[in-house]
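Inside the fold
Read off the chains here:
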Amino acid sequence: MMSLAKSALIVVDIQTDFLPGGALACYQADSILKGVKDLVDAQYFDYHIATQDWHPAHHISFASQHEGKKAFDTISLYGHPQVLWPDHCIKGTVGAALDPTINWDNMDLILRKGCHPQVDSYSAFQENFNQKGERPTTGLAGYLKEKEVKNVYTVGLARDVCVLWTAQGAKEQGFNTFLIWDLCAPVTPDHDEITRQLCQEHGIQIIHVADIRY
Ligand SMILES: [Zn+2]
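Everything numeric here is computed off the predicted structure, so don't read it as measured data.

A word on the overall build of the protein chain. Helix and strand counts for the protein chain stand at four helices and eight strands. The linear arrangement of helices and strands in the protein chain, starting from the amino end, is β-α-β-β-β-β-α-β-α-β-α-β. What you see for the protein chain is a C-alpha radius of gyration of 16 Å, in line with the 17 Å of a compact globule of 214 residues. When the backbone C-alpha atoms are referred to their principal axes, the protein chain occupies close to 50 × 35 × 30 Å. The buried share of the protein chain, taken over its 214 residues, is 50%. Per element, the accessible surface of the protein chain, about 9600 Å² overall, is 49% carbon and sulfur. Of the side-chain charges in the protein chain, 17 are positive and 26 negative, and the distance between the mean point of each set is 4 Å.

Here we take up the layout of surface pockets. Taken as a whole, the largest pocket encloses approximately 590 Å³ of empty space. Along its surface, the largest pocket is lined by 28 residues, and Val83, Tyr122, Asp160, Val161 and Trp165 are the ones closest to its centre. The dominant element in the lining of the largest pocket, judged by the number of residues it contributes, is helix α3 (residues 159-172), at seven residues. Tallied by class, the residues present in the lining of the largest pocket amount to 13 nonpolar, 12 polar and three charged.

The next thing to look at is the coordination of the zinc ion. Within the protein, the zinc ion binds to Asp53 (OD), His55 (NE2) and His88 (NE2); these donor distances fall in the range 2.0 to 2.1 Å. Read in sequence order, the donor residues coordinating the zinc ion give the pattern D-x1-H-x32-H. Here the residue His55 occupies a position in the loop between β2 (47-53) and β3 (74-77), and His88 occupies one in the loop between β4 (80-83) and β5 (109-113), the gap between them amounting to 33 residues. Each member of the pair, His55 together with His88, is buried.

Bringing the UniProt feature "domain: Isochorismatase-like" (unreviewed entry) in the protein chain into the picture now. Sequence positions flagged by UniProt for "domain: Isochorismatase-like" (unreviewed entry) are, in local numbering, residues 7-194. Spanning residues 7-194, this segment combines 18% helix with 23% strand, and its end C-alpha atoms are found 27 Å apart.

Let's shift gears to the environment of Gln118. For Gln118, the position within the fold is in the loop between β5 and α2 (140-146). Spatially, the C-alpha atoms of Gln118 and His59 are 6.4 Å apart, while their sequence positions differ by 59 residues. Every residue in contact with Gln118, bar those within four places of it in the chain, is listed here: Ile60, Tyr78 and Gln131.

With that out of the way, let us pick up the environment of Thr51. By secondary structure assignment, the location of Thr51 is in strand β2. Measuring from C-alpha to C-alpha, the distance between Thr51 and Ile14 comes to 8.0 Å, with 37 residues separating the pair along the chain. Filtering out sequence-adjacent residues up to four positions away, Thr51 remains in contact with Ile10, Val11, Val12, Asp13, Gln15, Leu98, Leu111, Lys113 and Ala124. A polar side-chain atom of Thr51 sits 2.7 Å from a polar atom in the side chain of Asp13.

Looking now at the packing of aromatic side chains. By the definition in use, this model includes eight aromatic pairs. On the numbers, 5.1 Å between centres and 90° between planes, the contact of Tyr44 with Phe45 is edge-to-face. Taken individually, Tyr44 and Phe45 each receive the classification buried, so the pair is uniform in this respect. Chaining the aromatic ring pairs together yields one cluster made of Tyr44, Phe45, Tyr153, Phe178 and Tyr214. Over the aromatic face of Trp54 sits the side chain of Arg112, whose NZ or CZ is 3.7 Å from the ring centroid. One residue, Arg159, lies across the ring of Trp181, its end atom 3.8 Å from the ring centre.

Procedures and definitions
Residues numbered from 1 in each chain as written. Predicted model: local features only at pLDDT ≥ 70, side-chain atom pairs only at ≥ 80, totals over all residues. Heavy atoms only, no water. Helix = DSSP H or I, 4+ residues; strand = E, 2+ residues; numbered from the N terminus. Rg over C-alpha atoms; globule rule 2.2 N^0.38 Å. Buried < 20%, exposed > 50% of the residue type's maximum accessible area, 1.4 Å probe, protein only. Areas by Shrake-Rupley, 256 points an atom, 1.4 Å probe, with all protein chains shown as cover. Lys, Arg positive; Asp, Glu negative; His and termini not counted. Charge placed at Lys NZ, Arg CZ, Asp CG, Glu CD. 1 Å grid on protein atoms, 1.4 Å probe; cavity = no way out; pocket = protein on both sides within 12 Å on 5 of 7 lines; lining within 4 Å. Points joined across faces, edges and corners; volume = space filled by probe spheres on them. Nonpolar A, V, L, I, M, F, W, Y, C, P; charged D, E, K, R; others polar. Donors = N, O, S within 2.8 Å, 3.2 Å for Na, K, Ca; no water. UniProt positions renumbered as here; feature names shortened; annotations may be inferred. Contact = heavy atoms within 4.5 Å. Polar contact = N/O pair within 3.5 Å; in protein donor to acceptor, adjacent residues only side chain to side chain. Phe/Tyr/Trp six-rings, centres within 6.5 Å; stacked < 30°, edge-to-face > 60°. Lys NZ or Arg CZ within 6 Å of the ring centre and 35° of its normal.

Put into structure tokens, the structure is as follows:
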């Protein structure tokens, strides 16, 4: 149904801590693994990119770093809302490892994000706001544009946070952007409705894996 010319798949944060039993397990996250594995194995897209949340031990996004705060509280950070998370995806730990279900050897690029101790990064394209009120880019848009990618497909974890922000980032950078709904899992299904609304508002096309004939 869709032209395959210069398309990229971005597999977001399929890591131990976001899977069942992990520090920040997404809702029914293991249900997407087989589908993502098969899609990656098919090598259907021109480029395959993965992201890996990769935080220093005392990352600003951890509730443990904020006196009197608990996980899932929201604070104002540099003038913008920031959700505080359980300690997760600490670089070099088992929790930060990419899940072995997926064949990561099939990736053209694995992009680590959230590496700065004082800045979070949900999107694969841009960090969250920093102390200077800026959102530094990761360089991914340039990478894709140099390769003449026009269509960007997003899957992974979490649908309501890093996948959504990555899709928004792709759209803002001018890519035709697709979110493959059933190859994503949310932090909480309570956010499904707002996620759908935000996709619609931002011009992100929600599709299902069955829509992709591979
Ligand atoms: Zn994180």
